Amino acid sequence: MIDPVAALSRIGEENAFAVLARATKLAQAGADVINLGIGQPDFATPAHVVEAAVKALRDGHHGYTPATGILPLREAIAADLNRRTGAPVDPERVMIVPGGKVTMFMAILMLGEPGAEILYPDPGFPIYRSMISFTGARPVPIPIREENGFAFSAAETLALIGPKTRLVILNSPANPTGGVTPRAEIEALVAGLAAHPHVAILSDEIYGTMTYDGVEHVSLLSFPEIRDRLIHLDGASKTYAMTGWRLGWSVWPEGLFEAARKLAVNSFSCVNAATQHAGIAALTGPQEPVAEMMAAFDRRRTLVVEGLNALPNVSCVTPAGAFYAFPNVRETGWGAKVLASALLERAHVATIGGPDFGEYGEGYLRLSYAASESAIETALGRMERFLREER
Ligand code: PLP
């Protein structure tokens, strides 16, 4: 047998995909499974975006594009970011990648190595820790706490920075908590980073357009003082319901852009040409489909949060962004992972146990409210019965 080299034995994965596979298997065997596990909008990609891809294929866009992506898409992204954040974004620093994940893959690969430390949110997207470990760098968790509304604490984050810190990963609005970090905390973080000029920042803003109740999303791009060390991660997956298209983008500081381009040339060459044309339509076309999707998410958010708080021994803070609820299930007496697994196998409701997002996720479940209101109501009813009757 041939074994992978040591670095690959350290790489992790995303349990949401395993839960999806198990839920699909149960459904194929005839179970009526409600999937609140996977983090993808249950809406179709807006029709005009699909049409743009079809047209691009008919028009003959079948070949490679530049590794960094086609210029009109990079310009559309720069213009959109400029409109949303007020920051001047140079299209020449925008890189098109096959999904948001690829930006974190590249950034962590560039900056992680044995002896270095990388800070990442915990609970947080599991790929951060996986990739940090892969490079041999030491993963340093930044605790994300319920008592802070699942926002980053600037003081706690800054206190973890040391001489070996290479990169700090931030994510707001956040997966898996739905937490949105308020302006005051972000300003304090940016101010504190001035004392650590050797530290780069990866700001994962893939949910940047997804906040509720008028809550402000503060983009790290809007702070000129960190622009020379900021990697902005973004993409179409969530905002435009395009998870399967694999369309992400990033803005790189001058020193890192060329490395990102080389990594693209060495791996995926370029993003699918038709997908890139679809991206132009998504960004420059009508935004009503996005608004309708957000209105539906908002209604479901209320339903989920009220329903969860009515369950025995469960409490849930109201998430301000993304499309996840992160209820505290500690008082139920169940371990979070065991509960998630029992809910799937015995009540046919797929959720993800908080520990799949890090050690500070123990005691929580993640529910993605990317399901219809009636499915959510049924799922909550099943969870209620389960928690009252099962051991
Ligand atoms: N970043 C966060 C915080 C996410 O939750 C996800 C997907 O769930 C991604 C990045 C990856 O997005 P993509 O599907 O575009 O690779």
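Residues numbered from 1 in each chain as written. Predicted model: local features only at pLDDT ≥ 70, side-chain atom pairs only at ≥ 80, totals over all residues.

The chain goes by Aminotransferase in an unreviewed UniProt entry, where it is assigned to Salinarimonas ramus. Turning to the chain, the UniProt record has this under Catalytic activity (unreviewed entry): "L-aspartate + 2-oxoglutarate = oxaloacetate + L-glutamate". Check the Sequence similarities (unreviewed entry) section of the UniProt entry for the chain; it says "Belongs to the class-I pyridoxal-phosphate-dependent aminotransferase family." (UniProt positions renumbered as here; feature names shortened; annotations may be inferred.)

Undergrad: Mind showing me how you'd approach the site of the ligand here?
TA: Looking at the ligand, there are 13 residues lining it, with Gly99, Gly100, Lys101, Asn175 and Ser237 nearest. When grouped by side-chain class, the residues that make up the shell around the ligand number 2 nonpolar, 9 polar and 2 charged. (Near = placed C-beta within 6 Å. Nonpolar A, V, L, I, M, F, W, Y, C, P; charged D, E, K, R; others polar.)

Undergrad: Could you clarify how one ought to interpret unusual backbone geometry in this entry?
TA: Leaving glycine out, the prevailing phi sign among residues is negative, and the prevailing peptide bond configuration is trans. Here the bond from Asp122 into Pro123 is cis, since omega is 0 degrees, no more than 30 degrees from zero. Residue position: Pro123 is located in the loop between β3 (117-122) and α6 (126-135). A cis amide bond links Ser172 to the next residue, Pro173, at an omega of -10 degrees. Along the chain, the position of Pro173 falls in the loop between β5 (165-171) and α8 (183-193). With phi around 60 degrees, Arg246 is a residue other than glycine that occupies positive phi space. Within the fold, Arg246 resides in the loop between β7 (230-235) and β8 (248-251). Residue classification places Arg246 among the partly exposed positions, given that 19 C-beta atoms sit within 10 Å. Despite not being glycine, Asn313 shows a phi value in the positive range, around 65 degrees. Take Asn313: it is sitting in the loop between α11 (288-309) and β9 (324-325). Owing to 12 C-beta atoms within 10 Å, Asn313 belongs among the exposed residues under this scheme. (Helix = DSSP H or I, 4+ residues; strand = E, 2+ residues; numbered from the N terminus. Buried ≥ 20, exposed ≤ 12 C-beta atoms within 10 Å, placed from the backbone.)

Undergrad: Please explain the sheet that holds strand β2 (residues 94-97) as it appears in this structure.
TA: The strands making up a sheet associate through hydrogen bonds between their backbones, and the pairing can be parallel or antiparallel. The mixed open sheet is built from 7 strands, whose spatial order is β2-β8-β7-β6-β5-β3-β4. Two strands in the sheet have a free side with no partner beyond their single neighbour: β2 and β4 (138-143). The sheet shows a mean angle of 20 degrees between the axes of neighbouring strands, direction not considered. With 6 bridges joining them, β3 and β4 adopt parallel strand pairing. Of the residues in β4, the one forming a bridge with Pro121 is Ile142. (Pairing = 2+ DSSP bridges. Axes fitted to C-alpha atoms, helices over the stretch in contact; angles between N-to-C directions.)

Undergrad: Got a minute to help me understand the domain arrangement of the chain in this structure?
TA: In many analyses, interface size is given as the accessible surface area lost on bringing the parts together. Segmenting the chain into domains produces domain 1 (6-45 + 288-389) and domain 2 (61-284). Each of domain 1 and domain 2 was reduced to a C-alpha centroid, and the two centroids are 25 Å apart. Across the contact, 37 residues belong to domain 1 and 38 residues belong to domain 2. Element by element, the count of residues in the side of domain 1 that touches domain 2 is highest for α11, at 5 residues. Per-class residue counts for the side of domain 1 that touches domain 2 are 19 nonpolar, 10 polar and 8 charged. (Domains from an automatic or database assignment. Contact = placed C-beta atoms within 7 Å.)

Undergrad: Explanation requested: the packing of helix α12 (residues 336-347) against helix α13 (residues 373-389) in the structure shown.
TA: Two quantities define a packed helix pair, namely the angle between the helix axes and the distance between the axes. The N-to-C vectors of α12 and α13 enclose an angle of 110 degrees; their axes lie 11 Å apart at closest approach. Classed by the angle they form, the pair α12 and α13 counts as roughly perpendicular. Of the residues in α13, those in contact with Leu343, Arg346 and Ala347 of α12 are Arg382, Met383 and Phe386. (Parallel < 35°, antiparallel > 145°, perpendicular 65-115°, else oblique.)

Undergrad: Got a minute to help me understand the pairing of β5 in this structure?
TA: Residues in a regular strand project their side chains so that they alternate between the two faces of the sheet. By the criterion of burial, β5 is predominantly enclosed, with 6 of the 7 residues buried. Both β3 and β5 contribute to a ladder of 3 bridges, which runs parallel. Bridging from a neighbouring strand, Ile118 pairs with Leu167 of β5. Once the chain exits β5 it traverses α8 before rejoining the sheet at strand β6 (residues 200-204), and the crossover so formed is right-handed. (Right-handed = clockwise from strand over helix to strand, strands pointing away.)

Undergrad: For this particular structure, what's the right way to read the nonpolar core?
TA: Inside soluble globular proteins, nonpolar side chains tend to come together where they are buried. Membership of the largest hydrophobic core comes to 119 residues, with the highest contact counts inside it found for Ile201 and Tyr369. Per-element tally for this core: the top contributor is helix α5 (residues 100-111), with 7 residues. The two domains that each donate at least three residues to this core are domain 1 (6-45 + 288-389) and domain 2 (61-284). With sequence-adjacent residues up to four places away left out, Ile201 is seen in contact with Val168, Leu170, Leu193, Leu220, Ile226, Arg229, Leu230 and Ile231. (Core = buried A, V, L, I, M, F, W, Y, C linked by C-beta atoms within 7 Å.)

Undergrad: Explanation requested: the sheet that holds strand β11 (residues 352-353) in the structure shown.
TA: Across the sheet, 3 strands lie side by side as β9-β12-β11; this open sheet has antiparallel pairing. Either end of the sheet is taken by a strand with one partner, and the two such strands are β9 and β11. Where β11 lies against strand β12 (residues 365-368), 2 bridges are found, and the strand directions are antiparallel. Across the sheet, Gly353 pairs through a bridge with Leu365, a residue of β12.

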